[in-house]
Amino acid sequence: MPGTTPATTAGASAQGTAGELVLALYGRIPVDSLKLDGDRRLFDQLIAWEPEQ
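So, how was this worked out
Residues numbered from 1 in each chain as written. Predicted model: local features only at pLDDT ≥ 70, side-chain atom pairs only at ≥ 80, totals over all residues. Heavy atoms only, no water. Helix = DSSP H or I, 4+ residues; strand = E, 2+ residues; numbered from the N terminus. Rg over C-alpha atoms; globule rule 2.2 N^0.38 Å. Buried < 20%, exposed > 50% of the residue type's maximum accessible area, 1.4 Å probe, protein only. Contact = heavy atoms within 4.5 Å. Areas by Shrake-Rupley, 256 points an atom, 1.4 Å probe, with all protein chains shown as cover. Lys, Arg positive; Asp, Glu negative; His and termini not counted. Charge placed at Lys NZ, Arg CZ, Asp CG, Glu CD. Patch = residues over 30% accessible without salt bridge, like charges linked within 9 Å, V, L, I, M, F, W, Y side chains within 5 Å. Salt bridge = Lys/Arg side-chain N within 4 Å of Asp/Glu carboxyl O.

(A) Quick look at the overall build of the chain. For the chain, the count of helices and strands is two helices and two strands. The order of α-helices and β-strands along the chain, N terminus first, is β-α-β-α. Taking 2.2 N^0.38 as the reference for a compact globule, 53 residues should give roughly 10 Å; the C-alpha atoms of the chain span a radius of gyration of 14 Å, well beyond that estimate. Along the first, second and third principal axes, the C-alpha atoms of the chain reach 45 × 30 × 20 Å. Classification of the 53 residues of the chain by burial places 8% in the buried group. For the chain, contacts bridging at least 24 residues in sequence account for 31% of all contacts bridging at least 6. Summed over its atoms, the accessible surface of the chain is roughly 4500 Å², and 57% of this surface lies on carbon and sulfur atoms. Taken together, the 4 basic and 7 acidic charged side chains of the chain have centroids lying 4 Å from each other.

Below you can see the structure in the form of structure tokens.
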């Protein structure tokens, strides 16, 4: 389609229930309890990210 950005491959993915994903992103359960594929460091960066800064 003209004017659109081509899709890129994700560097990592996480699988779990919706509840498990939310709990992991809020630091309530370890990210390692999810099924992770790809670069684990991307999840570490996401969890450490402070959106206010």
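Once the structure has been displayed, the description carries forward.
(B) Summary view of a nonpolar patch on the surface. Judged by side-chain polarity, Val-22, Leu-25, Tyr-26, Leu-46, Ile-47 and Trp-49 come together as a nonpolar surface patch covering roughly 670 Å² of accessible area. Elements represented by at least two residues in the nonpolar patch include exactly α1 (18–25) and α2 (40–48). Tracing the chain through its elements places Leu-25 in helix α1.

(C) Inspection of the pattern of salt bridges at higher detail. This model, assessed by the stated rule, comprises four salt bridges. Lys-35 is the partner of Asp-37 in a salt bridge, and the nearest nitrogen-oxygen pair spans 3.0 Å. With a shortest N-O distance of 3.0 Å, Asp-39 and Arg-41 are connected by a salt bridge. By relative accessible area, which is 58% here, Arg-41 ends up exposed. Three or more residues are tied together by salt bridges with common partners; here these are Asp-32, Arg-40 and Asp-44.

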